[in-house]
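Residues per chain are reported as follows:
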Amino acid sequence: MALYGSISSPNLNWQIGPKTISKSTSSSMNSYTTISLSFSSSVSMGLNLRFNLASPSTRAAKINRLRNHGSPLKVVCIDYPRPELDDTVNFIEASYLSSTFRASPRPTKPLKVVIAGAGLAGLSTAKYLADAGHKPILLEARDVLGGKVAAWKDEDGDWYETGLHIFFGAYPNVQNLFGELGINDRLQWKEHSMIFAMPSKPGEFSRFDFPEVLPSPLNGIWAILRNNEMLTWPEKIKFAIGLLPAMLGGQAYVEAQDGVSVKEWMRKQGIPERVTDEVFIAMSKALNFINPDELSMQCILIALNRFLQEKHGSKMAFLDGNPPERLCMPIVDHIQSLGGEVHLNSRIKNIELNDDNTVKSFLLTNGKVIEGDAYVSAAPVDILKLLLPENWKGVPYFQRLDKLVGVPVINVHICCGICLQFY
Ligand SMILES: Cc1cc2nc3c(=O)[nH]c(=O)nc-3n(C[C@H](O)[C@H](O)[C@H](O)COP(=O)(O)OP(=O)(O)OC[C@H]3O[C@@H](n4cnc5c(N)ncnc54)[C@H](O)[C@@H]3O)c2cc1C
């Protein structure tokens, strides 16, 4: 089952010619090639059509046929304006906190902070350290920025991305980061809908449409109540009653569900198995790449609560191009403009320790030794576990890592050395 958010709404206008045609593949699609048609930004934003085609000549023939004779798919590409996010409590908090980095007194002795991993976590750590007047040295193992949002250009100049990335309205820190970098216009906002493929009806999709006129949580409740393909009325009522404790209990209730899996929680609330299968397998996989019997209900409730609390929280945006150039490079430019450094092809091989077990340096696979005043790991938890020095393995703090296994969306980032305090 898959969660789709890229096709905007019915009624494709094939008179609009494709401006660029790019192809992409991903590991989950290695048995076939995906063709993406993207249109000029004045007429459309971020349309992605996928065809399962055998060979380049067949692909070209198929695209010509579609252009000349129209398509059974009817899709219109509309440029949706950026929603009003800036007045939400979470956005105001995010924006205030990041402004404190810039406003804090300049350190008398700026710290040299060595950061492992130039994914979005490492890049933003470096950005905010630089904002606070420190000197980040960001080390990336690979020859490409972005980690899980990395992308590669093929010999034809087309981009292969790690995967489709959604930037939700409910991401205050990321939305604030886009604003601070002056690149809000690179996010292409979609209509407020969630579209699910239905496992019981292969090839058919079911929509949850959030009406623009209603405030939250009414727009979400309306979207659920209006959906008749996936949920029957008795299921909707049981689902809504099951969600009540989450809505009323607030953050304390959400955190208390950490030890309960999504599947267990659904059973406890009397939510029909069918709802779990139709909606929550997709949601668990989309949010965390794992199944509802493995995922903590806390993760789902955090997302659901945000979606229910904020009118535009579940609205989705896509980046208007490949993430390394369109998102990571502006962060790197910002870091460098403030005296920070970003190094590719700099894989950390060992964390070297002083006699007192604090970090002395990072030893790279190319033999270089990088020293700093403080060190941050922004690498995935599995990598951190491999890098953990022998002397740290008995320390209870680090032993807690043993139970953690990385999935593509959850990482553990640790700052070693000294405590950095900016406000
Ligand atoms: C296919 C896919 C789709 C996704 N879709 C979404 C989405 O729609 N919305 C969303 O919010 N999230 C999505 N995510 C999750 C999101 O991409 C990640 O949560 C986020 O990018 C993780 O960033 P990070 O910096 O924490 O880690 P990473 O991106 O993993 O960065 C870690 C970096 O550390 C580097 N590194 C590793 N070992 C070393 C070493 N020894 N020395 C130096 N560097 C090292 C790696 O090369 C990497 O660049 C998706 C993830 C995937 C894989």
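Keep in mind that what you see is a predicted model, and the values were worked out from it rather than measured. (Residues numbered from 1 in each chain as written. Predicted model: local features only at pLDDT ≥ 70, side-chain atom pairs only at ≥ 80, totals over all residues. Heavy atoms only, no water.)

Draft legend 1. Quick look at helix H9 (residues 297-309). Taking 1.5 Å per residue, 13 residues should reach 18 Å; H9 reaches 18 Å between its end C-alpha atoms and fits that length. Along H9, the positions that sit buried rather than exposed are Met297, Gln298, Ile300, Leu301, Ala303, Leu304, Asn305, Phe307 and Leu308. Among the structural elements, strand S8 (167-168), strand S10 (193-197), helix H6 (233-256), helix H7 (262-268) and helix H8 (273-288) are those in contact with the buried residues of H9. N-cap assignment for H9: the residue whose side-chain oxygen lies 3.0 Å from the backbone N of Gln298 is Ser296. (Helix = DSSP H or I, 4+ residues; strand = E, 2+ residues; numbered from the N terminus. Expected span 1.5 Å × (residues − 1). Buried < 20%, exposed > 50% of the residue type's maximum accessible area, 1.4 Å probe, protein only. Contact = heavy atoms within 4.5 Å. Polar contact = N/O pair within 3.5 Å; in protein donor to acceptor, adjacent residues only side chain to side chain.)

Draft legend 2. Geometry of the nonpolar core. Within the largest apolar cluster, 34 residues are counted, with the highest numbers of intra-cluster contacts made by Met194, Phe208, Trp265, Phe280 and Ile300. Counting residues per element, the ones that place at least two in this core are S10, H6, H7, H8 and H9. Excluding anything up to four places from it in sequence, Met194 contacts Phe168, Ser206, Arg207, Phe208, Phe210, Phe307, Ser314 and Met316. Counting 32 residues, the second-largest nonpolar core is a separate cluster that includes Leu138, Leu177, Leu319 and Ala374. (Core = buried A, V, L, I, M, F, W, Y, C linked by side-chain atoms within 4.5 Å.)

Draft legend 3. Just the packing of aromatic side chains, in detail. Under the defined criterion, the tally for this structure stands at eight aromatic pairs. Taking 5.5 Å as the distance between ring centres and 75° as the angle between the ring planes, the aromatic pair formed by Phe196 and Phe208 counts as edge-to-face. Taken together, the residues Phe196 in strand S10 and Phe208 in strand S11 (residues 205-209) connect sequence positions twelve residues apart. When sorted by exposure, Phe196 lands in the same class as Phe208, which is buried. Lying across the ring of Trp233, Lys236 places its NZ or CZ 4.2 Å from the centre. (Phe/Tyr/Trp six-rings, centres within 6.5 Å; stacked < 30°, edge-to-face > 60°. Lys NZ or Arg CZ within 6 Å of the ring centre and 35° of its normal.)

Draft legend 4. Representation of the sheet that holds S8. The three strands are arranged S8-S12-S9 in an open sheet whose pairing can be described as antiparallel. The outermost strands of the open sheet, each flanked by one partner alone, are S8 and strand S9 (187-189). Looking at chain direction, S8 and strand S12 (residues 316-319) are connected through two bridges and run antiparallel. If you follow Phe168 over to S12, its bridge partner there is Met316. (Pairing = 2+ DSSP bridges.)

Draft legend 5. Expanded view of unusual backbone geometry. Look at the link from Ser216 to Pro217: it is a cis peptide, with omega at 0°. In this fold, Pro217 is placed in the loop between S11 and helix H5 (218-226). Phi at Asn345 is positive, roughly 50°, even though this residue is not glycine. Along the polypeptide, Asn345 turns up in the loop between strand S13 (341-343) and strand S14 (348-353).

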